[in-house]
Amino acid sequence: MQDFQRIEQAIRFIRENFRDQPDLDEIARQVYLSPFHFQRLFKEWAGVSPKKFLQFTSIEYAKQLLHEQNTLAAVSFETGLSGTSRLHDLFIQIEGMTPGEYQHGGKNLHINYSHAETIFGDILIASTDKGICHISFIQEHLKSPETEIFNRFPSSMLEQKTDLHQQQALKLFREDWSDLNRIKLHLKGTPFQIKVWNALLHIPLGSLKSYLNIANEIGDVNASRAVGTAIGNNPVAFLIPCHRVITSSGNLGGYHWGVDRKSAMIGWEAAQKAEGIRLKA
């Protein structure tokens, strides 16, 4: 059996049996491999571990049930999880919010937001108690920049306030980008979008990648167009550096907040990288 056939069979087994929450050993037996060899092979082909793929499959089904207004206990049972606490942990890990928050569009979720100046233009920045959930560049033609936050969290409570999460993020804009890993993010997106945004976070300052590069990194070489859509839906401008992705031909490609701004960002970061190299020399 060829490797891609093994992975295809394993993925089919996971999708058909995710309610039983099979462990690594059980899935590996389906393709006649040792757990160690299967784990490594699956990650090479799928871009994620078998456990993570099982989680993505489970949560997609759970989200469907939540949209149908099922109770958390019923969703836990139907998804094959042992209880609501496991459902809660799964949503926190993958979605960055509780199942209840997801089901009710952010109901009872308190979001602070404020306006700030950056070297690339004025921004709207928003955060929950878990981290930054939104950054967008303010566009003059929009009468209410806060509309994007309402669209993502339609039932949330908004308060115009600058909190510690925002202060730490704004410090990066103004002073030092070396502490980017300290910034906490609270993201709402599909598993595919989260994978793409996570890949963007690993593009170094002053570097560029193509949409195809990102598709390869998440384990789906045919997903360049879907990658582009996920990048276009990036909710946290600049901190999740979608501006560092260009076309395979070397063109800048599109940018939600304008190609001129994207070009300025890329040029500024290249200068920062060159200056860092010069200082080390």
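So, how was this worked out
- Residues numbered from 1 in each chain as written.
- Predicted model: local features only at pLDDT ≥ 70, side-chain atom pairs only at ≥ 80, totals over all residues.
- Heavy atoms only, no water.
- Buried < 20%, exposed > 50% of the residue type's maximum accessible area, 1.4 Å probe, protein only.
- Helix = DSSP H or I, 4+ residues; strand = E, 2+ residues; numbered from the N terminus.
- Pairing = 2+ DSSP bridges.
- Axes fitted to C-alpha atoms, helices over the stretch in contact; angles between N-to-C directions.
- Core = buried A, V, L, I, M, F, W, Y, C linked by side-chain atoms within 4.5 Å.
- Contact = heavy atoms within 4.5 Å.
- Salt bridge = Lys/Arg side-chain N within 4 Å of Asp/Glu carboxyl O.

Some words on the pairing of strand S3 (residues 132–137)
Phase 1: S3 sits mainly inside the fold: 6 of its 6 residues count as buried.
Phase 2: Between the antiparallel neighbours strand S2 (residues 121–127) and S3 lie 4 residues, among them Gly131 with a positive phi of about 155 degrees.

So, the sheet that holds S3
Hydrogen bonding along the main chain pairs the strands of a sheet, whether they run parallel or antiparallel.
Phase 1: Here 4 strands make up an open sheet; going across it, the order is S3-S2-S1-S4 and the pairing mixed. Either end of the sheet is taken by a strand with one partner, and the two such strands are S3 and strand S4 (157–160). Each adjacent strand pair in this sheet contributes to an overall mean axis angle of 25 degrees, direction not counted.
Phase 2: Where S2 and S3 come together, 5 bridges link them in antiparallel fashion. If you follow Ser127 over to S3, its bridge partner there is Ile132.

Let's talk about the nonpolar core
Phase 1: Ranked by size, the top nonpolar core spans 37 residues in total, and within it Ile135, Leu200 and Val227 carry the most contacts.
Phase 2: Broken down by secondary-structure element, the contributors of at least two residues to this core are S2, S3, helix H9 (164–174), helix H10 (191–201), helix H11 (211–217) and helix H12 (224–232).
Phase 3: Here this core takes 5 residues from H10, the largest share from any one element.
Phase 4: Not counting residues within four places of it along the chain, the set of residues in contact with Ile135 comprises Ile123, Leu124, Ile125, Phe173, Pro235, Val236, Ala237, Leu239 and Trp257.
Phase 5: One finds Ala28, Val31, Leu41 and Leu54 within the second-largest nonpolar core, a separate group that totals 14 residues.

Some thoughts on the pattern of salt bridges
Phase 1: A complete count under the given rule lists 3 salt bridges for this structure.
Phase 2: Across the pair Asp129 and Lys130 runs a salt bridge, and its minimum N-O distance is 4.0 Å.
Phase 3: Here Asp129 falls in the exposed class, since its relative accessible area comes to 63%.
Phase 4: Judged by relative accessible area, Lys130 falls into the partly exposed class, the value being 29%.
Phase 5: Here Arg244 and Glu269 are joined by a salt bridge, their closest N and O atoms 2.9 Å apart. With Arg244 in the loop between H12 and strand S6 (245–246) and Glu269 in helix H13 (residues 259–280), this pair connects stretches of sequence that are 25 residues apart.

Details of unusual backbone geometry
Phase 1: Its identity is not glycine, yet Tyr32 carries a phi of approximately 60 degrees, on the positive side.
Phase 2: Accessibility expressed as a relative area gives 68% for Tyr32, which makes it exposed.
Phase 3: Residue Phe238 is not a glycine yet carries a positive backbone phi of 70 degrees.
Phase 4: By secondary structure assignment, the location of Phe238 is in the loop between H12 and S6.

Focus: the environment of Pro50
Phase 1: Following the sequence through the fold, Pro50 ends up in helix H4 (residues 50–67).
Phase 2: According to the relative accessible area criterion, Pro50 is buried, its value standing at 2%.
Phase 3: Sequence spacing of Pro50 and Asp23 is 27 residues, and the spatial spacing of their C-alpha atoms is 8.8 Å.
Phase 4: Every residue in contact with Pro50, bar those within four places of it in the chain, is listed here: Ile14, Leu24, Phe38, Gln39 and Phe42.

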